Every structure is written in C-alpha cells, then in structure tokens.
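# Structure at a glance
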Amino acid sequence: MQSYKDLEIYQLAHPLAIEIHKMSLKLPSFEMYEEGSQIRKSSKAISSNIAEGFGRKRYRQDYIKFLVYAHSSCSETIEHLELIYKTDSLKDKKQFDYFMENYDKLGRKLNKFIDAVEKG
C-alpha cells in the first residue's frame, strides 16, 4: 500500500463525506449551523483520521489511535443522521437508509481493520 487512498475504508469514507456535505446543505436553515455543521465535521473526520493515521503507521499505537478516532467519528455521524431524520429535518427515508447502511458497513470495516492492525 502506497497511500491511505488505497485503503478500502478510505475509499468508502471519502465519498460518503462529500455526499453528507451536499445533503447537509439542503437541511432546513435552522439546522445549517447546528446538526448540519456537526454531521459535516464528523463525516469528514472519518477520512481525515484515516489519512492522518496512515501517515503515522510506522508507530502502530498512533495508527490505531487515529483509526479509533475514525471509528468514533463514524458512530457520531450515525447519531447525527438519526437525529436529523427523527426530527424531520431529513425527510427522505431512502436517503436516510442509504447513509445508515453505508455508515454501518464502514463502521464494521473500520472495526475489522483496527483488529488487523492491532494483531500486526
């Protein structure tokens, strides 16, 4: 592997963050700076932490720490999605289901990847 961009977890996280960003800009104006801002930050933090951790992969504990941050940000993104859906700020059930399915998949892959790095 030459780059963090070669990692499947990054290849899932990066485009999802872009999609979340675009979706969040269509939320009601009162959500733009509350949940909208939070979900943009948490979704972008996943790929950012994967990239930063990869840059520290020589130091396994640092690498694991940033992968755990990425996993935590994935869980946070799921929580924000549930909040904006259950408060009717995101009304499109198909879009909600798409994001939930993909972030659940990403969370599971992150967990397996963390396990693999820990085992060395």
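Let me begin by describing the structure that accompanies this report. (Residues numbered from 1 in each chain as written. Predicted model: local features only at pLDDT ≥ 70, side-chain atom pairs only at ≥ 80, totals over all residues. Heavy atoms only, no water.)

### A word on the overall build of the protein
As a reminder, the rule being used: Numbering goes from the N terminus for both helices and strands, where a helix is a DSSP run of H or I of at least four residues and a strand is a run of E of at least two. This radius of gyration counts C-alpha atoms alone. The globule rule is 2.2 Å times how many residues there are, raised to the power 0.38.
Assigned secondary structure in the protein consists of 4 helices and 0 strands. Going from N to C terminus, the protein has its helices and strands arranged as α-α-α-α. Whereas a compact globule of 120 residues would reach a radius of gyration of roughly 14 Å, the protein reaches 15 Å, a difference of no more than 12%. Based on the C-alpha atoms only, the size of the protein along its principal axes is roughly 45 × 25 × 20 Å.

### Digging into the pattern of salt bridges
Formally: Any Lys or Arg side-chain nitrogen located within 4 Å of an Asp or Glu carboxyl oxygen qualifies as a salt bridge. Burial classes follow relative accessibility: with a 1.4 Å probe on protein chains only, a residue under 20% of its type's maximum area counts as buried, one over 50% as exposed, and anything between as partly exposed.
Evaluation of the coordinates by the stated rule reveals 5 salt bridges. Linking glutamate 8 and lysine 109 is a salt bridge whose minimum nitrogen-to-oxygen distance equals 3.1 Å. On the criterion of sequence distance, the pair formed by glutamate 8 in helix H1 (residues 8-24) and lysine 109 in helix H4 (residues 93-119) is long-range, its members being 101 residues apart. Relative accessible area serves as the criterion here: at 28%, lysine 109 is assigned to the partly exposed category. Here aspartate 62 makes a salt bridge to arginine 56, at a shortest N to O gap of 3.8 Å.

### A closer look at the side chain of glutamate 31
Let me state the cut-off plainly: Distance and chemistry together define a polar contact, namely a pair of N or O atoms within 3.5 Å, with one atom able to donate a hydrogen and the other to accept it when in protein, and with adjacent residues in sequence counting only for side-chain atoms on both sides. Throughout, a residue-residue contact means that at least one pair of heavy atoms, one from each residue, lies within 4.5 Å.
With respect to the helices, strands and loops of the structure, glutamate 31 is situated in the loop between H1 and helix H2 (35-55). From its side chain, glutamate 31 meets the backbone nitrogen of glutamate 35 in a polar contact 3.3 Å long. Filtering out sequence-adjacent residues up to four positions away, glutamate 31 remains in contact with Gly36, Ser37, Thr87 and Ser89.

### Re the environment of leucine 12
Along the chain, the position of leucine 12 falls in helix H1. Look at leucine 12 and you get buried, because its relative accessible area is 18%. Sequence-wise, leucine 12 and arginine 108 are 96 residues apart; in three dimensions their C-alpha atoms are separated by 12 Å. In contact with leucine 12, not counting residues within four places along its chain, are Lys105, Leu106 and Lys109.

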